[in-house]
Amino acid sequence: MEYDVLIVGAGLFGLTMAERLVNECGQKVLMIDKRNHLGGNCYSEFDPETGIECHKYGAHLFHTSDERVWEYVNKFTTFTNYVHKVYTTHDGEVYPLPINLGTINQFFHAAYTPDEARVTIAGQAATAPAEPKNLAEQGVSLIGQPLFDAFIKNYTAKQWQTPAEELSPEIIKRLPVRYNYDNRYFNNTHEGLPTDGYEAWFKNLVAACGDRLEVRLETDYFDDPEVQKLRAQGILTVYTGPIDRFYDFQFGELKWRSLNLEKEVLDVDDFQGCPVMNYADLEPRYTRIHEFKHFHPERTLNSAYKDSAYAEKSGKTVIVREYSKTWHQGEEPYYPVNTAEDRATLAKYQALAREDENVIFGGRLGEYAYYDMDKTIAAALDKFDELKKRWS
Ligand code: FAD
Ligand code: UDP
């Protein structure tokens, strides 16, 4: 087949662009990925020993308040009514997250009303500047010094291994702070997990593209001979790999955090009683433990699932301990560190990218952005709207 567009990366950005280019513009698309599966970091697989769906690159919970994105994703999968809840262990005690009235009252051994708690926290946050410029200042301004020291300071130190004074305040603004007992982790209108798993979602999307989309897995943009030919011919390319790698690191590396995800199968029905337990203190060294069976309670509780493809074995569970580590070339880049130095380096790469009309950079790696799934899809839909003008 002759191709109109090459897409590098079959993650959510690449998949969304591919589907739109094929189904809205009738383009013939070749999508490659160096991994052996679709979905990029959102990929999950069913553990053969236990039947439990495990998220291979860290737990992924879908949540959005963007109606356009919600409508788009529902074309390819339905979602369960899962609502994400996270707990944290600090100094031998378990607290609910995000910081809410339950956390505040437990921490201060108090029975504050919402208004009393607001006044107390405002007093403890008074040392923070009016316009916080980094994660440390932002954290104290949101929840005051004592709660920051207990729940954020050491977790952030383990997660980023970068002084909180050098990290963007945006990182901590992701987490809601509530003066009621609502402990939903996210603040969005829509939330859930793909009913049949992430891979089924991505396969449905590819199937919806018919034969105008060809997918080649285990194919690296930088060393596949056929792809090199297409590059030499100047094919229009949507590139969702790391932007600094594309330009041979000529201005230096952008910094990333990587993860060690240590998976263990245990002979118990329930290891921790919740999907995610964070560890707020410097010890243990892991930041959190995921227990995947809690993401799909319907598969455990509903007897209709007993004889289905999603039958989970009783008496077994799968957990993953998540350790953060510094990224080195050859490892998976997960979180952009995004210091002022990184932003200056990124600006140089972006200036080069602007000169090249034939390559569109997108996604978490291509834009060096801490995007959630819905933001990635929204960015792809926006980029597609720009791009389609070329064919109109
Ligand atoms: P990716 O998923 O990284 O896909 C890029 C693809 O490009 C990869 O498959 C890669 O193999 C391929 N590629 C790179 N270089 C090459 C090359 N040279 N040749 C061929 N292929 C190449 N979001 C949420 O909404 N909820 C969550 O709970 C959540 N949890 C997360 C947990 C972790 C640990 C991380 C890191 C992210 C999480 N996210 C979450 C964010 C989510 O993973 C991203 O928004 C999404 O995966 C971004 O999609 P993408 O297509 O930009 O990138
Ligand atoms: N964070 C923290 N303590 C927690 C949870 C989060 O200090 O118990 C901080 C930490 O800096 C983290 C950021 O808040 O990187 C965002 O947390 P989130 O759970 O959204 O991170 P992600 O799921 O993207 O890893």
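Please refer to the structure placed before this passage.
Summarised in this report is the structure supplied together with it. (Residues numbered from 1 in each chain as written. Chains lettered and ligands numbered in written order. Predicted model: local features only at pLDDT ≥ 70, side-chain atom pairs only at ≥ 80, totals over all residues. Heavy atoms only, no water.)

### Re the site of ligand 1
Within the structure, ligand 1 sits among 32 residues, and D33, H60, L61, Y371 and M373 are positioned closest to it. A59 has a polar backbone atom sitting 3.1 Å from a nitrogen atom of ligand 1. Here an oxygen atom of ligand 1 sits 3.2 Å away from a polar atom, N or O, in the main chain of D372. If ligand 1 stood free it would expose 990 Å²; the protein chains cover 95% of that surface. Counting residues per element, the ones that place at least two in the shell around ligand 1 are helix 1 (12-25), helix 12 (363-366) and helix 13 (373-387). In terms of residue count, helix 12 provides more of the shell around ligand 1 than any other element does, three residues in total. (Near = heavy atom within 4 Å. Polar contact = N/O pair within 3.5 Å; in protein donor to acceptor, adjacent residues only side chain to side chain. Areas by Shrake-Rupley, 256 points an atom, 1.4 Å probe, with all protein chains shown as cover. Helix = DSSP H or I, 4+ residues; strand = E, 2+ residues; numbered from the N terminus.)

### A short note on the pattern of salt bridges
This model, assessed by the stated rule, comprises 27 salt bridges. Notably, a salt bridge pairs R216 with E214, separated by 2.9 Å at the nearest N-O pair. Residue R216 is classed as buried on the basis of its relative accessible area, which comes to 19%. One salt bridge in this structure joins E331 and K325, with 3.4 Å as the shortest N-O distance. For K325, a relative accessible area of 23% corresponds to the partly exposed category. (Salt bridge = Lys/Arg side-chain N within 4 Å of Asp/Glu carboxyl O. Buried < 20%, exposed > 50% of the residue type's maximum accessible area, 1.4 Å probe, protein only.)

### Focus on the sheet that holds strand 13 (residues 288-291)
The seven strands lie next to each other as 7-6-12-13-14-11-15, forming an open sheet whose pairing is mixed. Both edges of this open sheet fall to strand 7 (93-97) and strand 15 (335-336), since each of them pairs with a single strand only. Relative to strand 13, strand 12 (residues 276-279) is paired through three bridges, and the arrangement is antiparallel. Opposite M277, over in strand 13, you have I289 as the bridge partner. (Pairing = 2+ DSSP bridges.)

### Remarks on unusual backbone geometry
Geometrically, the link from L97 to P98 is a cis peptide bond, its omega value of -15° lying close to zero. Structurally, P98 is set in the loop between strand 7 and helix 3 (101-107). Of note, the bond from E283 into P284 is cis; its omega dihedral lies within 30 degrees of zero at -5°. Looking at where P284 falls in the secondary structure, it is placed in the loop between strand 12 and strand 13.

### Remarks on the packing of helix 1 against helix 13
Where helix 1 contacts helix 13, the two axes come as close as 9 Å, and the packing angle between them is 35°. Two packed elements cross with a definite hand, and for helix 1 against helix 13 that hand is right-handed. Residues L12, F13, T16, M17, R20, L21, E24 and C25 of helix 1 pack against M373, T376, I377, A379, A380, L381, K383, F384 and L387 of helix 13. Taken together, the residues that form the contact of helix 1 with helix 13 break down as 12 nonpolar, two polar and three charged. (Axes fitted to C-alpha atoms, helices over the stretch in contact; angles between N-to-C directions. Left-handed = near helix turned anticlockwise from the far one by under 90°. Contact = heavy atoms within 4.5 Å. Nonpolar A, V, L, I, M, F, W, Y, C, P; charged D, E, K, R; others polar.)

### A few points about helix 7 (residues 198-207)
All of the buried residues along helix 7 are Y198, W201, F202, L205 and V206. For helix 7, the angular spread of the buried residues around the axis is 135°, confining them to a single face. (Arc of directions from axis to C-beta.)

### Digging into helix 1
Between its terminal C-alpha atoms helix 1 stretches 19 Å, which fits the 20 Å expected from 14 residues at 1.5 Å a residue. Most of helix 1 sits out of view: 11 of its 14 residues are buried. Those residues of helix 1 not exposed but buried are L12, F13, G14, L15, T16, M17, A18, E19, R20, L21 and V22. Phi turns positive one or two residues past the end of helix 1, at G26, with a value near 65°. (Expected span 1.5 Å × (residues − 1).)

### Section: the site of ligand 2
In the region of ligand 2, 16 residues are neighbours, and T156, W160, Y185, Y335 and Y370 sit closest. I152 places a polar main-chain atom, nitrogen or oxygen, 3.3 Å from an oxygen atom of ligand 2. Interatomic distance of 2.9 Å between a side-chain N/O atom of W160 and an oxygen atom of ligand 2. Within the complex, 93% of the 530 Å² of free accessible area of ligand 2 lies under protein. Every element with two or more residues in the shell around ligand 2 is listed here: helix 5 (135-160) and helix 6 (170-173). The element contributing the most residues to the shell around ligand 2 is helix 5, with six residues. For the shell around ligand 2, the per-class residue count stands at 11 nonpolar, three polar and two charged.

### Thoughts on the sheet that holds strand 10 (residues 236-239)
Taken in spatial order, the five strands of this open sheet run 9-2-1-10-16, and their pairing is parallel. In this open sheet, the two strands that pair with only one neighbour each are strand 9 (213-216) and strand 16 (359-361). Going across the sheet, the axis of each strand differs from the next one's by a mean of 15°, ignoring polarity. Here strand 1 (residues 5-8) runs beside strand 2 (residues 29-32); their pairing, made up of four bridges, is parallel. In the sheet register, V8 faces strand 2, and the bridge partner there is I32.

### Remarks on the packing of aromatic side chains
For the coordinates displayed, the defined rule picks out 33 aromatic pairs. Their ring planes at 15° and their centres at 6.0 Å tell us that Y221 and F246 sit as a pair that is stacked. Highlighted residues: Y221 in the loop between strand 9 and helix 8 (225-232) and F246 in helix 9 (residues 243-246), separated in sequence by 25 residues. Across the pair, exposure class does not vary: Y221 and F246 are buried alike. Taken together, the aromatic side chains of Y221, F222, Y239, F246, Y247, F251, Y349 and F361 make up a single cluster linked through ring pairs. Sitting over the face of the ring of Y57, R35 holds its NZ or CZ atom 4.0 Å from the ring centroid. (Phe/Tyr/Trp six-rings, centres within 6.5 Å; stacked < 30°, edge-to-face > 60°. Lys NZ or Arg CZ within 6 Å of the ring centre and 35° of its normal.)

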